[in-house]
Amino acid sequence: MRKYANEVKNLIKLAVPILFAQGSQTAIGVVDTIMAGGVSEVDLAAVAIGSSIWLPVILFGAGLLMALTPIVAQLNGSGRRERIAHPVTQSFWLGALLSVITIFIIYHCQYLLEFMGKKDPEMIRISVGYLHTLMWGAPAYYGFQILRDRCEGLSNTKPGMVIAFIALIINIPINYIFIYGKLGMPALGGIGCGVASAAVYWLMFFMIYLYTKYTPTQRDIRKHAKFEWPNFSTLSRITRIGLPMALALLFEVSLFAVVALLITPLGAIAVSAHQTTLSFSGLIFVIPLSLGIASTIRVGHLLGEKRLAQAKLVSRTAISLGLSISFISAACTVLYRENIAQLYSSNLEVLTLASQLMFFAAIYQCSDSIQIIGNGVLRGYKDTKAIFYITFIAYWVIGLPSGYLLGLTDIIVAPMGPKGFWLGFIFGLSASAVMMSLRILWLQRQPAEKILKQVGF
């Protein structure tokens, strides 16, 4: 039991700063939406629509760069710290390419808005203005992600937490200045949120850059840092590891976007209840996500040390810890689901439906915890292709079709509306949890030589 207790302590030590960092970054978007809503309903809707375009694009790039964390963790664990600077430098070339692609896509966002059927000229104007200012923060966002991955790969998760929290606090007054036109600035309304967020991304990048440049704990890594032209072999390796994770993120984000579109014809009550439940679930999701990232770091480090038995122990401990926490959060969700719904709306019909959906969200949390932590474990083993296939099957072959059949058709039962889609989420995530667990068990039963070869030894 002592060895499990030690690993729980190690995981919590890594996960808590990640939890605060992820929570702070998520809260920046929430603050933008709330402050835009203080101007008008049109500004609120425009920022929300702009975010629905921005998030899939930027998260795809972030997912690609997440390959750096297990690479750094394994190099650090194997005592080859002098080699860490090379993949970090090459990741900046990849980040530069992603920045160009992101800016190009976002610059042409008006075509996406027209495709989405948005016709309100004022809403389109604000959405386009918001995205056209926000897109200049993309290089800083990717730069911050790279240096944060480097720190987390070295098991140093606190800098990301501190910087993200500072950014959240600073984002509020900068939003206020540009939204309402203070200190001589023009009043930009919702567009000001894009200006503020881009500025905050650059601030976050410069803060983490200064940290990595001057912290004594990374002095030996800095000694080996030098200018390098793109190395296509290294870039190919990073992309090969990161692309399945990026696509898995895209599958998840696009799944929820598609479900939101399918629910829209059911009316405002259904949409509001669904979004309320989804918003709350997103907040809870940060907990297992943080444990998943901590698992990637810990497993990657141990594999670098060639301690395969200990890596297996970490996998089991992380999933058990996540499941235990999800039981508690699920129980609290069931007990307080009406109170939670009241935080989002005062409409009685919305409250009734949202509190019903919260029950499904409670079940969803348990399977979601297993699958997202399992995802982190497989990243530590660099088994990212499996993540891609499992995510695709779980979300798009099982989750969405079953949700559609239950929610909008009478093929199986009478149309259940949003409840059917949430049952689909449960089926899909449960399938993902089972497949992730089976893949981990299969992988850990392979000969040591095969596992070490896969992770680069």
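Keep in mind it's a predicted model, so treat the numbers as computed, not measured.

### Some details on the packing of helix 3 (residues 68-77) against helix 4 (residues 85-107)
Following both chains from N to C, one finds helix 3 and helix 4 inclined at 165 degrees, their axes separated by 10 Å at the closest point. In terms of axis orientation, helix 3 runs roughly antiparallel to helix 4. The handedness of the crossing between helix 3 and helix 4 is left-handed. Residues Leu68, Ile71 and Leu75 of helix 3 form the contact with helix 4, whose participating residues are Pro87, Val88 and Ser91. Across the contact of helix 3 with helix 4, the residue classes tally to five nonpolar, one polar and no charged.

### A look at the packing of helix 4 against helix 7 (residues 138-153)
Packing of helix 4 against helix 7 leaves a shortest axis separation of 9 Å and a crossing angle of 150 degrees. As far as their axial angle goes, helix 7 and helix 4 are roughly antiparallel. Here helix 4 runs over helix 7; the crossing is right-handed. Every residue of helix 7 that contacts helix 4 at Val88, Ser91, Phe92, Gly95, Leu98, Ser99, Thr102 and Ile103 is listed here: Ala138, Pro139, Tyr142, Gly143, Ile146, Leu147 and Arg150.

### Observations regarding the pattern of salt bridges
One pass over the structure, following the stated rule, counts two salt bridges. Between Glu152 and Arg148 there is a salt bridge, with the nearest N and O atoms lying 2.8 Å from each other. Here Glu152 and its partner Arg148 are both found in helix 7, four residues apart, which amounts to about one turn of the helix. Classification of Glu152 by relative accessible area gives buried; the value is 3%. Judged by relative accessible area, Arg148 falls into the buried class, the value being 3%. Among the salt bridges present, the one from Arg439 reaches Asp383, with a minimum N-O distance of 2.7 Å. Residue Arg439 is located in helix 17 (residues 418-444), and its partner Asp383 is located in the loop between helix 15 (348-380) and helix 16 (384-408); the two are separated by 56 residues in the primary sequence.

### Some words on the confidence of the model for the protein chain
Here the protein chain averages 83 in pLDDT, and 94% of its residues register 70 or above. Here helix 5 (residues 109-115) is the element of the protein chain with the lowest mean pLDDT, 74, and helix 4 is the one with the highest, 91.

### Here's the deal with the packing of aromatic side chains
The final tally for this structure, using the stated rule, is 14 aromatic pairs. When the centroid spacing of 5.5 Å and the interplanar angle of 55 degrees are considered together, the rings of Phe205 and Phe206 count as tilted. Among the aromatic residues, those joined into a cluster by ring pairs are Trp54, Tyr141, Tyr142 and Tyr201. The cationic tip of Lys213 hangs over the ring face of Tyr214; the distance from NZ or CZ to the ring centre is 5.7 Å.

### Some remarks on helix 3
By the criterion of burial, helix 3 is predominantly enclosed, with 10 of the 10 residues buried. Considered for burial, the residues of helix 3 that qualify are Leu68, Thr69, Pro70, Ile71, Val72, Ala73, Gln74, Leu75, Asn76 and Gly77. Within two residues after helix 3, Gly79 carries a phi angle of roughly 80 degrees, on the positive side.

### Observations regarding a nonpolar patch on the surface
Together, Leu97, Ile101, Phe104, Ile105 and Leu112 give the surface a local cluster of nonpolar side chains, amounting to about 450 Å² of exposed area. Looking at the nonpolar patch element by element, the count peaks at four residues for helix 4. Secondary-structure assignment places Leu97 in helix 4.

### Focus: the environment of Tyr389
Inspection of the secondary structure assignment puts Tyr389 in helix 16. Residue Tyr389 is classed as exposed on the basis of its relative accessible area of 52%. Put simply, Tyr389 and Leu343 are 46 residues apart on the chain and 37 Å apart in space, counted from C-alpha to C-alpha.

### Observations regarding the side chain of Asn171
Mapped onto the elements of the fold, Asn171 is located in helix 8 (residues 158-180). With relative accessibility at 0%, the residue Asn171 sits in the buried group. If we skip the residues at most four places from it in the chain, Asn171 touches Ile28, Val31, Asp32, Ala196, Ser197 and Val200.

What counts, and at which threshold
- Residues numbered from 1 in each chain as written.
- Predicted model: local features only at pLDDT ≥ 70, side-chain atom pairs only at ≥ 80, totals over all residues.
- Heavy atoms only, no water.
- Axes fitted to C-alpha atoms, helices over the stretch in contact; angles between N-to-C directions.
- Helix = DSSP H or I, 4+ residues; strand = E, 2+ residues; numbered from the N terminus.
- Parallel < 35°, antiparallel > 145°, perpendicular 65-115°, else oblique.
- Left-handed = near helix turned anticlockwise from the far one by under 90°.
- Contact = heavy atoms within 4.5 Å.
- Nonpolar A, V, L, I, M, F, W, Y, C, P; charged D, E, K, R; others polar.
- Salt bridge = Lys/Arg side-chain N within 4 Å of Asp/Glu carboxyl O.
- Buried < 20%, exposed > 50% of the residue type's maximum accessible area, 1.4 Å probe, protein only.
- pLDDT = per-residue confidence, 0-100.
- Phe/Tyr/Trp six-rings, centres within 6.5 Å; stacked < 30°, edge-to-face > 60°.
- Lys NZ or Arg CZ within 6 Å of the ring centre and 35° of its normal.
- Patch = residues over 30% accessible without salt bridge, like charges linked within 9 Å, V, L, I, M, F, W, Y side chains within 5 Å.
- Areas by Shrake-Rupley, 256 points an atom, 1.4 Å probe, with all protein chains shown as cover.

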